[in-house]
Amino acid sequence: MVAKFEIDGGGGREPTVTHQQRFLETRAWRALRETGRPGFSEFGTPQPVPAALLALARAALGIGEGSWTDNASVTIRPMPRGSSAAARAGGGGGGGGGGGGRRGAPAAMLAATESVAGWVLVDAADLSTLGNAGLLSGDGVAGELTTAHAQQPARRGRLINLVSAVGGAALVVAQDPATLARTPLASLAPRAGQSPLLGRPWVHEFPCAGRWAVVPEGSLPMDLVGALTGQARHFMFSWVPGLGTRYHVVDLGLGPGWGGGGGPDETPPVPSLSPSPSPSKKVLPVAPYIDHPDPNFYFHVVNAFVDERAREFVFDVPAHADASMLDVLSLENLRSNSRTVTRSRLTRVRVPLLPGREGEEGKEGEGAASPRPVRVARLFADSDLDSREPFFFEFPSPNPRHRGKAYRFAWGLSAVMPTSAGNALAKVDVSGGEGVKMWFEPGCLPGEPLMVPRPHGKEEGGEGPKEDDGVVLSLVIGADGGSFLLILDAESMDEVARAELGAGLPYGFHCCWVDKEEEGEEEIF
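Procedures and definitions
- Residues numbered from 1 in each chain as written.
- Predicted model: local features only at pLDDT ≥ 70, side-chain atom pairs only at ≥ 80, totals over all residues.
- Heavy atoms only, no water.
- Helix = DSSP H or I, 4+ residues; strand = E, 2+ residues; numbered from the N terminus.
- Buried < 20%, exposed > 50% of the residue type's maximum accessible area, 1.4 Å probe, protein only.
- Contact = heavy atoms within 4.5 Å.
- Polar contact = N/O pair within 3.5 Å; in protein donor to acceptor, adjacent residues only side chain to side chain.
- Salt bridge = Lys/Arg side-chain N within 4 Å of Asp/Glu carboxyl O.
- Pairing = 2+ DSSP bridges.
- Phe/Tyr/Trp six-rings, centres within 6.5 Å; stacked < 30°, edge-to-face > 60°.
- Disulfide = S-S within 2.5 Å.
- Patch = residues over 30% accessible without salt bridge, like charges linked within 9 Å, V, L, I, M, F, W, Y side chains within 5 Å.
- Areas by Shrake-Rupley, 256 points an atom, 1.4 Å probe, with all protein chains shown as cover.
- Axes fitted to C-alpha atoms, helices over the stretch in contact; angles between N-to-C directions.
- Lys, Arg positive; Asp, Glu negative; His and termini not counted.

**Student:** Which parts of the structure should I look at to understand the overall build of the chain?
**Tutor:** A count of helical and extended segments in the chain gives six helices and 29 strands. Considering the chain as a whole, with its 525 residues, one finds that 51% of them fall into the buried category. Pairs at least 24 residues apart make up 61% of the contacts formed inside the chain by residues separated by at least 6 positions.

Structure representation (C-alpha cells):
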C-alpha cells in the first residue's frame, strides 16, 4: 500500500492536509486477493518447500521474473518529469500526466523492494499502479536481488545501487534516474572458503558520499537451505560472526559533479562499461576491499561524508551486536510482546581511501585494499545511555541538505523501554554537545521520522541556515488504533500540529518528501 499526504497552506491561509491511500496492484497483491494466501515468498513468510524449491531453481537458471515477489513495500521516491521508465509502464511521464500540471510535481513515483522484480511505478496524482519498472528485461545486468535504497550522491544525478545473484555474484551499478537503465561499475570479490550453502551477506543499505561508495558485507549471509525450508535462524539468513565484515571501496569515477570539482546539481556521465564484457572489451574491475573482524549488524545508514584531510570515507550507523533484532520484528513476537527491542549503538566507521589493488574479475582474494585498517568506534560511551544516546535508534534521518557532508544532528525512531517496537522519536547530536530530545506518547507507534528543513532557514553565526531548523514528520498509529500525521519542531522536538485521519493505516517502512514549489523541481527528502 502507498499513502500520500498533501500539505497546503501559508500566505495567511488555514493549512490543510489531504490524504489518500491505495494498494499497489502487483502480481503479489493479485495472487493474495485471488487465492487468499501469499503467492510468493516474502521477507519472513516463506512459501511451502515445493514452491520455494521451484522458485529458487528458476532463479538460479535465470528463467523467470515470476520467481520473486514484486511486493514493492520498502521505499518510495519521485521519478523525474518526462521519465521514459514511467512512459514504458504506461504513465506517460510527461509534464501533463499524473502530476496534475503542478509546478515541480512529479508525474510518477517509484516504489521498491529488495527484488529486482519489485520496482513498481505509481501515478503521483491518484496513486494508481502504472506498471513494473522492467529492470529484468532490457539492460543485460544479471541478478535477482538489489537494495530498495538506491543512493543518489548528486541531486538529480545517477542512482547507485547493488545487484546480486542467488549464486553469489554482486555488482555495483549506476542507474539513469529517468530510464532506470543500469550500467555496471565494479564487481565485489567473493570470500574464499565460504560454504556454498551460504549466499552473499544481506546489505539493506550502503553509504555513498562524493565520488565514493562503500559496501559493507557483514556476517549475515543468505542461508540457501534455510530460505527454502523456512528454518534459517533469521528468516532467510544465518548469523555467522566469524565472517566479520568486508568493506568494498568503490570509486564511482563519475566526474567532477560527484565530489569536489563541479556543482552538486551536475549529472555526471556514466563510464562505458559492458554489462557482459567479452575478451575484447574492458574487464569490469573488482572493487578493492578491507576486511575487519567486527561482525556488527545494522539496517540503515545515518549519514556519510569524506574526510579529505585523513583520506577516509566516514559513515555512521546504528549498529546491533548481532542479528537478533530481526527476530524481534517477527509478527509472532510483536503480537506476543515477549521480546524487547535490542540496543543499538551509534557507531562511526572510517574506511581509508588510499588506492588499493584491483583484481581480475572472478578471482577470489584479489582486490585487497591498502594496509591501513578500517576503524570502528562507538560515538558515545556506555555512561551516555539515555542522556546523549537513546537505547534504540532506527530509521535515521539527517537534514537532507547535510546528506553526504559532515553533520551534527540526526532524527530517528526510538524506544521508551520496555517495548517490542519503536514507540518514540529522538533527536541525537552526534557531536555530543546536546542531550537526546524525545517525543513520546503512551500507546503510540510512530513511523519513520522525516526531517524537512525550512525553505529559508535561520542564519547561524553567518554560516548559513541552522541544521536543525525545520520540522519532523511522522505517521503515527495512536493508542486508539487510529492514525495521525505528526509534525514536530525539529530543534526542540515539541509538537507543532497533528492531522487526525479518522482511521488506522498499516505500519509502514520508508517515506519521502516532495517539494512541489521550489524552483520548479522536486526535492527528494
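**Student:** Even after reading the chapter, I still don't get the side chain of aspartate 70, so can you show me in this structure?
**Tutor:** Following the sequence through the fold, aspartate 70 ends up in the loop between α2 (49-61) and β3 (75-78). For aspartate 70, a relative accessible area of 4% puts it in the buried group. Engagement of the side chain of aspartate 70 in a polar contact is seen with the backbone nitrogen of alanine 28, the distance being 3.0 Å. Other than its neighbours up to four places away in sequence, aspartate 70 contacts Thr26, Arg27, Ala28, Ala117, Gly118, Val120 and Asn132.

**Student:** Please explain the pattern of salt bridges as it appears in this structure.
**Tutor:** Note on pairing: side chains with opposite charge can pair once their charged atoms come close. For the coordinates displayed, the defined rule picks out 25 salt bridges. Close ionic contact of glutamate 312 with arginine 372 constitutes a salt bridge, the shortest N to O distance being 3.4 Å. Of this pair, glutamate 312 sits in strand β18 (residues 312-320) while arginine 372 is found in the loop between β19 (344-352) and β20 (375-378), placing the two residues 60 residues apart along the sequence. Here arginine 372 falls in the partly exposed class, since its relative accessible area comes to 26%. Connected via shared salt-bridge partners are Arg408, Lys427, Asp429, Glu434, Lys437 and Asp468.

**Student:** Where do I start with the sheet that holds strand β16 (residues 289-292) in this structure?
**Tutor:** The strands making up a sheet associate through hydrogen bonds between their backbones, and the pairing can be parallel or antiparallel. Taken together, four strands build an open sheet; the order of strands is β12-β13-β15-β16 and the sheet is antiparallel. If you trace the sheet from one side to the other, it starts and ends with β12 (208-209) and β16, each paired once. Sheet analysis places strand β15 (residues 245-251) next to β16, joined by four bridges and oriented antiparallel. Bridge pairing links threonine 245 to histidine 292 in β16.

**Student:** For this particular structure, what's the right way to read the packing of aromatic side chains?
**Tutor:** In this description, an aromatic ring pair is defined by two values, namely the gap between the centres and the angle between the planes. The full count for this structure, using the stated rule, is seven aromatic pairs. A centroid spacing of 5.3 Å and a plane angle of 20 degrees characterise the contact between tryptophan 202 and phenylalanine 237, whose relative ring orientation is stacked. Of this pair, tryptophan 202 sits in the loop between β11 (198-201) and β12 while phenylalanine 237 sits in the loop between α4 (224-229) and β15, and the two are 35 residues apart along the sequence. Take tryptophan 202 and phenylalanine 237: they sit in the same class, and that class is buried. Judged by centre distance (6.3 Å) and plane angle (50 degrees), the ring pair of phenylalanine 409 and tryptophan 411 falls under tilted.

**Student:** Looking at this structure, I do not really get the environment of leucine 130. What am I missing?
**Tutor:** As for its position among the elements, leucine 130 is in strand β6 (residues 129-132). Along the primary structure leucine 130 and leucine 24 are separated by 106 residues, whereas in three dimensions their C-alpha atoms are 9.3 Å apart.

**Student:** Would you mind showing me how to read the pairing of β19 here?
**Tutor:** Counting buried residues in β19 gives nine out of nine residues, a clear majority hidden from the surface. In β19, alternate side chains face the same way, and those of Ser344, Leu346, Arg348, Arg350 and Pro352 on one face and Arg345, Thr347, Val349 and Val351 on the other are all buried. Relative to β19, β18 is paired through nine bridges, and the arrangement is antiparallel. In the strand pairing of β19, phenylalanine 313 is matched with valine 351.

**Student:** Would you take a moment to explain the environment of proline 201 for this structure?
**Tutor:** Mapped onto the fold, proline 201 is located in strand β11. Look at proline 201 and you get buried, because its relative accessible area is 7%. With 15 residues separating them along the chain, proline 201 and proline 216 place their C-alpha atoms 9.0 Å apart. If we ignore the near neighbours within four places in the chain, the residues touching proline 201 are Arg191, Glu217, Gly218, Leu220 and Pro221.

**Student:** Would you take a moment to explain the state of the cysteines for this structure?
**Tutor:** A covalent bond between the sulfur atoms of two cysteines is what we call a disulfide. Tallied over the entire structure, the rule returns zero disulfides. The thiol of cysteine 512 is not disulfide-bonded; the next cysteine sulfur, from cysteine 511, is found 7.3 Å away.

**Student:** Please explain a nonpolar patch on the surface as it appears in this structure.
**Tutor:** On the surface, Val416, Met438 and Phe440 cluster together into a nonpolar patch covering about 220 Å² of accessible area. One can find valine 416 in the loop between β22 (409-414) and β23 (424-429). Relative accessible area serves as the criterion here: at 30%, valine 416 is assigned to the partly exposed category.

**Student:** It is not clear to me how the sheet that holds β18 should be interpreted in this structure. Could you clarify?
**Tutor:** As summarised here, the arrangement of the four strands in space is β17-β18-β19-β20, forming an open sheet in which the pairing is antiparallel. Of all the strands in the sheet, just β17 (303-307) and β20 have a single pairing partner and so form its edges. When the angles between neighbouring strand axes are averaged without regard to direction, this sheet yields 25 degrees.

**Student:** What is the right way to read the pairing of strand β29 (residues 495-500) from this model?
**Tutor:** Two faces, one strand: in a regular strand the side chains alternate between the faces of the sheet. Where strand β28 (residues 483-489) meets β29, five bridges bridge the pair, whose relative direction is antiparallel. If you follow leucine 488 over to β29, its bridge partner there is glutamate 495. Following β28, the chain reverses through five residues before pairing antiparallel with β29; methionine 493 in that reversal takes a positive phi of roughly 65 degrees.

**Student:** How do you make sense of the side chain of aspartate 294 when you look at a structure like this?
**Tutor:** You can see aspartate 294 is positioned in the loop between β16 and β17. No salt bridge is formed by the buried aspartate 294; its nearest oppositely charged neighbour, arginine 378, is found at 5.2 Å. Leave out the neighbours within four places in its chain, and aspartate 294 touches Gly244, Thr245 and Val376.

**Student:** I'm lost on unusual backbone geometry in this one. Help?
**Tutor:** With the exception of glycine, most residues fall at negative phi, and the peptide bonds are largely trans. Along the chain, methionine 417 connects to proline 418 via a cis peptide bond; the corresponding omega equals 0 degrees. Mapped onto the elements of the fold, proline 418 is located in the loop between β22 and β23. Positive phi values are uncommon outside glycine, yet leucine 127 reaches one of about 65 degrees. Note on placement: leucine 127 falls in the loop between β5 (119-123) and β6. Within the chain, arginine 311 stands out as a residue other than glycine whose phi angle is a positive 55 degrees. Exposure remark for arginine 311: the relative accessible area of 31% places this residue in the partly exposed category.

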